Every structure is written in C-alpha cells, then in structure tokens.
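Okay, here's what each chain looks like letter by letter:
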Amino acid sequence: MSEYYDEEFGELGLVIGDFNIPQRAADLPPQFKELLVPNKVQYVFCTGNVGNRETQDWLKTLSGNTHFVKGDFDEVKDVPETKVVQIGSWKLVLVHGHQLVPHGDEESQYTFLKEMEGDVLITGHTGVAKVTAVEKKYIINPGSATGGFNGLQTQIPSFLILEFKKEKLQVFIYTLDGEVKIDKQELPLQK
C-alpha cells in the first residue's frame, strides 16, 4: 500500500468560529462534538465570536497550540484582533472579518492578506464556509460552528480541517445538513 502514498500525512489544524454560544445557539451540534476530541489536531484556529469562556476553554483542550482572534461580539480582553502564524511553508493570517469592509468582500480580504504578506487568510463573520483562490493566495472561512449566525436566519453548521504539507494544503470542509458531509479541496503553495 505504501507505493501509492507519495507523501507523509501532514499536521492537522482545526479552523472554527462564530459559535455565538449562548447568544444565538445553545451549544455545538452533538455530531461535531463527537468528531472534535482532544489530541486529534496539532493546531486550533478560532475566528472569534466564541460567546463564552467554557467554549474557549473546551477549544484549548483540543490542542496545546490554539490561536484565537476577537470577534465583534467577544468581550474577552486578552485576545488580539489579528494574528499571524507560520506553519512550515505557510504563512497564515487570522482575523474575524468584521474589520474588513465590505463584509465578506474578496477584494478587501485579498488586499488585507497582501498587506499582511500572508499566503492564507483565515476569516469568519459571514457564517458561510468558503474556500477561495485569489491570485496566488487563499481566503478560507469556516462558517458558523453552530449555525447560529444571526437572529434572523440559521446557517448550516460547519468547520474546516487543514492538512499542512510542504507544497500544498488540503482543506476538508465539514458541514451538518441533516448529516455530516465532508468536501475536500487542495490548495497548492504559490509564492
């Protein structure tokens, strides 16, 4: 079997955010809680709007290497608005996204990513999971972990798992629409 596998399995990172617990959702869906257990990923990247200290503490149990940014509804004082993390060949820029206007606009996101000299922008705020290539850079959004995006409409709960390899990033998009579904995209490193 090893002759079919050309590269070692890479490190894994969970990308998750916009929980809004308890403001807009009671808890993470149980189907996601079953999947997200300690020591399965090496990194956690949270795009903010966690909602409460208990959820933030639970995220910290999943990995010893957690990275948080502050969402527009987070009241935690010790969390930055933006964060830059280097993992292997990949420079990641983490931001909630409410600071980038217009919200969810690829051009403003790309401009911000370019200014930060990153390869991948991890952003939340829209409540919709999305992976986009812009020029030689990528914008990824985990959507809302609970589906409790806003008071007017419920989104499909989602999160991402990243597999870091030297020259590519595998993105696994987990959504819960009746059952857990997984889509995959491969992002080649382009410098």
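Residues numbered from 1 in each chain as written. Predicted model: local features only at pLDDT ≥ 70, side-chain atom pairs only at ≥ 80, totals over all residues. Heavy atoms only, no water.

1. Concerning the pattern of salt bridges
- In this structure the tally under the stated criterion is 4 salt bridges.
- A salt bridge links Glu 106 to Lys 130, with the shortest nitrogen-to-oxygen separation between them at 3.1 Å. One end of the pair, Glu 106, is in helix α3 (residues 106-115); the other, Lys 130, is in strand β7 (residues 129-134), and 24 residues separate them in sequence.
- Since its relative accessible area comes to 31%, Glu 106 is described here as partly exposed.
- Of the charged contacts, one joins Glu 163 and Lys 165 as a salt bridge, the two residues approaching to 3.7 Å between their closest N and O atoms.
- The class of Glu 163 is buried, set by a relative accessible area of 4%. (Salt bridge = Lys/Arg side-chain N within 4 Å of Asp/Glu carboxyl O. Helix = DSSP H or I, 4+ residues; strand = E, 2+ residues; numbered from the N terminus. Buried < 20%, exposed > 50% of the residue type's maximum accessible area, 1.4 Å probe, protein only.)

2. Description of the sheet that holds strand β3 (residues 66-68)
- Strands sit in the order β3-β2-β1-β9-β10-β11 across an open sheet of 6 strands; the sheet is mixed. Where the open sheet ends on each side, the last strands, each with one partner, are β3 and β11 (179-188). Put simply, the sheet's adjacent strands are angled 20 degrees from each other on average, direction ignored.
- Bridge analysis of strand β1 (residues 11-16) against strand β9 (residues 158-164) gives 5 bridges, and the strand direction is antiparallel. Counterpart to Leu 12 in the pairing with β9 is Glu 163.
- Running over the sheet, helix α2 (residues 53-62) touches β1, β2 (43-46) and β3 and is turned about 145 degrees from β3. (Pairing = 2+ DSSP bridges. Axes fitted to C-alpha atoms, helices over the stretch in contact; angles between N-to-C directions. Contact = heavy atoms within 4.5 Å.)

3. Notes on the pairing of strand β4 (residues 82-87)
- Judged from the 6 bridges that link them, β4 and strand β5 (residues 90-95) form a sheet pairing that is antiparallel. Paired with Lys 83 across the strands is Leu 94, a residue of β5.
- As consecutive antiparallel partners, β4 and β5 are separated by 2 residues, and within that stretch Gly 88 has a phi angle of approximately 60 degrees, a positive value.

4. With respect to the packing of aromatic side chains
- Going through the model one piece at a time under the given rule, you end up with 6 aromatic pairs.
- On the numbers, 6.0 Å between centres and 20 degrees between planes, the contact of Tyr 43 with Phe 45 is stacked. Assigned by exposure class, Tyr 43 and Phe 45 land together as buried.
- Here the basic side chain of Lys 33 rests over the ring of Trp 58, its NZ or CZ set 6.0 Å away from the ring centre. (Phe/Tyr/Trp six-rings, centres within 6.5 Å; stacked < 30°, edge-to-face > 60°. Lys NZ or Arg CZ within 6 Å of the ring centre and 35° of its normal.)

5. Some points on the confidence of the model for the chain
- This prediction gives the chain a mean pLDDT of 90; 93% of its residues lie at or above 70.
- This model gives residues 1-6 a pLDDT under 50, and the stretch forms 2 contacts once residues within four places in sequence are excluded. (pLDDT = per-residue confidence, 0-100.)

6. A closer look at the nonpolar core
- Counting 23 residues, the largest nonpolar core has Leu 14, Ile 16, Phe 19, Leu 36, Leu 59, Phe 159 and Ile 161 as the members making the most contacts within it.
- For this core, the secondary-structure elements that each account for two or more residues are β1, β2, α2, β9 and β10 (168-177).
- Residues within four places of Ile 16 in sequence aside, it is in contact with Leu 36, Phe 45, Cys 46, Thr 47, Leu 59, Pro 142, Ala 145 and Phe 159.
- Judged by nonpolar contacts, the second largest core, of 22 residues, contains Leu 92, Val 120, Ile 122 and Leu 189. (Core = buried A, V, L, I, M, F, W, Y, C linked by side-chain atoms within 4.5 Å.)

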